[in-house]
Amino acid sequence: MTKPIYRRILLKLSGEALMGRESYGIDPAVLGGLADEIIEVARAGVQVGVVIGGGNIFRGAGLAASGVDRVTGDHMGMLATVMNCLAMQDALEKRGTVARTMSAIKINEVCEDYIRRRAIRHLEKGRVVLFGAGTGNPFFTTDSAAALRAVEVGADLLLKATKVDGVYSADPKKDLSATRYERLSYEDVIQRNLGVMDTAAIALCRDHNMPLRIYNMTSRGDLMRLMCGDQIGTLVCA
């Protein structure tokens, strides 16, 4: 196997990714498959941080639209992300890999508080670090949290795992003529409103020159191939 070219990565998973074919919650088979992909990369020597959304349980913006106070809804969403991180931590540890969940809000009876230097130390020791509770602030998405944590821990690459193999000019399920971009600039994404991540996350990546790659998480083995330098999905960079 080719040696990985990255030392440290930050992987962003959506909460909806954990649902699989379910309409709510977590599909154990999907959770286990994602855990296996992460473990393969970690055992190859790549330091792995993970941010997971909470949309499979609660989504703050959606709750706000139904009448719940937005700040309250976002706090509920933060707790949902911690639940997902704990589920992934369990899946990883059952497969023999050491993992730590760190929360941006104080909930230290079930996981560690997020402390940047401690997170980096965990990564250096080969532990998979799961970052929960977003940024710890309302009105910020887990996309922004992923960009922030990637910059804070000095990741070499931010990865966003989706259900499509990159960024397209239009929805490929609705428009058969849609073309996939192999490479985009941060400004391209913002100006064309391509919906790769929210604007705050893209701007943070741009300001700190954090490369972002979007790939299809359902294609087994692609994460490891990406670590070895294969050009899979869409790269967003300067």
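Calculation criteria
- Residues numbered from 1 in each chain as written.
- Predicted model: local features only at pLDDT ≥ 70, side-chain atom pairs only at ≥ 80, totals over all residues.
- Heavy atoms only, no water.
- Axes fitted to C-alpha atoms, helices over the stretch in contact; angles between N-to-C directions.
- Helix = DSSP H or I, 4+ residues; strand = E, 2+ residues; numbered from the N terminus.
- Left-handed = near helix turned anticlockwise from the far one by under 90°.
- Contact = heavy atoms within 4.5 Å.
- Nonpolar A, V, L, I, M, F, W, Y, C, P; charged D, E, K, R; others polar.
- Expected span 1.5 Å × (residues − 1).
- Polar contact = N/O pair within 3.5 Å; in protein donor to acceptor, adjacent residues only side chain to side chain.
- Parallel < 35°, antiparallel > 145°, perpendicular 65-115°, else oblique.
- Salt bridge = Lys/Arg side-chain N within 4 Å of Asp/Glu carboxyl O.
- Buried < 20%, exposed > 50% of the residue type's maximum accessible area, 1.4 Å probe, protein only.
- Pairing = 2+ DSSP bridges.

*Asks:* What should I look at first to understand the packing of helix α1 (residues 28-43) against helix α3 (residues 70-94) in this one?
*Replies:* In the contact formed by α1 and α3, the axes pass within 9 Å of each other and the chain directions differ by 65 degrees. For the pair α1 and α3, the sense of crossing is right-handed. Taking contact as the criterion, the partners of Leu31, Leu34, Ala35, Ile38 and Ile39 in α1 are, on α3, Ala87, Met88, Ala91 and Leu92. For the contact of α1 with α3, the per-class residue count stands at nine nonpolar, no polar and no charged.

*Asks:* It is not clear to me how α3 should be interpreted in this structure. Could you clarify?
*Replies:* Turn by turn, an α-helix covers 3.6 residues, leaving residues three or four places apart pointing in a common direction. Here α3 spans 36 Å end to end across 25 residues, near enough to the 36 Å set by a 1.5 Å rise per residue. Put simply, Asp69 is the residue that caps the front of α3, since its side-chain oxygen is 3.2 Å from the backbone nitrogen of Val71. Backbone geometry just after α3 places Gly96 at a positive phi near 90 degrees.

*Asks:* Could you clarify how one ought to interpret the packing of helix α5 (residues 142-152) against helix α7 (residues 199-207) in this entry?
*Replies:* Helix-helix packing: each pair is described by the crossing angle between the helix axes and the interaxial distance. Their axes nearest at 7 Å, the elements α5 and α7 cross at an angle of 15 degrees. By the angle between their axes, α5 is roughly parallel relative to α7. Both α5 and α7 take part in a crossing whose hand is left-handed. Only Ala200, Ala201, Leu204 and Cys205 of α7 make contact with α5, whose side of the interface consists of Asp143, Ser144, Ala147, Leu148 and Val151. Considered class by class, the residues forming the contact of α5 with α7 number seven nonpolar, one polar and one charged.

*Asks:* When you look at the pattern of salt bridges in this model, what are you seeing that I'm missing?
*Replies:* Any two side chains of opposite charge can pair if their charged atoms end up close together. With the rule as written, the count across this model stands at 14 salt bridges. One salt bridge in this structure joins Asp113 and Lys106, with 3.4 Å as the shortest N-O distance. On the basis of relative accessibility, which here comes to 17%, the residue Asp113 falls in the buried class. A relative accessible area of 73% means that Lys106 is categorised as exposed. Among the ionic pairs, Arg121 bridges to Glu124, the shortest N-O distance being 3.7 Å. Here the residue Arg121 and the residue Glu124 both occupy positions in helix α4 (residues 116-124), the gap between them amounting to three residues, near one helical turn. Connected through shared salt-bridge partners, Lys12, Asp143 and Lys160 make up one network.

*Asks:* Quick question: what am I supposed to make of the sheet that holds strand β3 (residues 99-103) here?
*Replies:* The pairing of strands in a sheet comes from backbone hydrogen bonds and takes either a parallel or an antiparallel form. Within the open sheet, the nine strands sit side by side as β4-β3-β5-β2-β1-β6-β10-β11-β9. Their pairing is mixed. With one partner strand each, in any of the chains shown, β4 (112-113) and β9 (183-185) form the two edges of the open sheet. Pairing of strand β2 (residues 47-52) with strand β5 (residues 128-132) involves three bridges; the strand directions are parallel. For Gly49, the partnering residue across the bridge sits in β5 and is Val129. Sheet strands in contact with α5 are β1 (8-13), β2, β5 and β6 (157-162), and its direction is about 175 degrees off that of β1.

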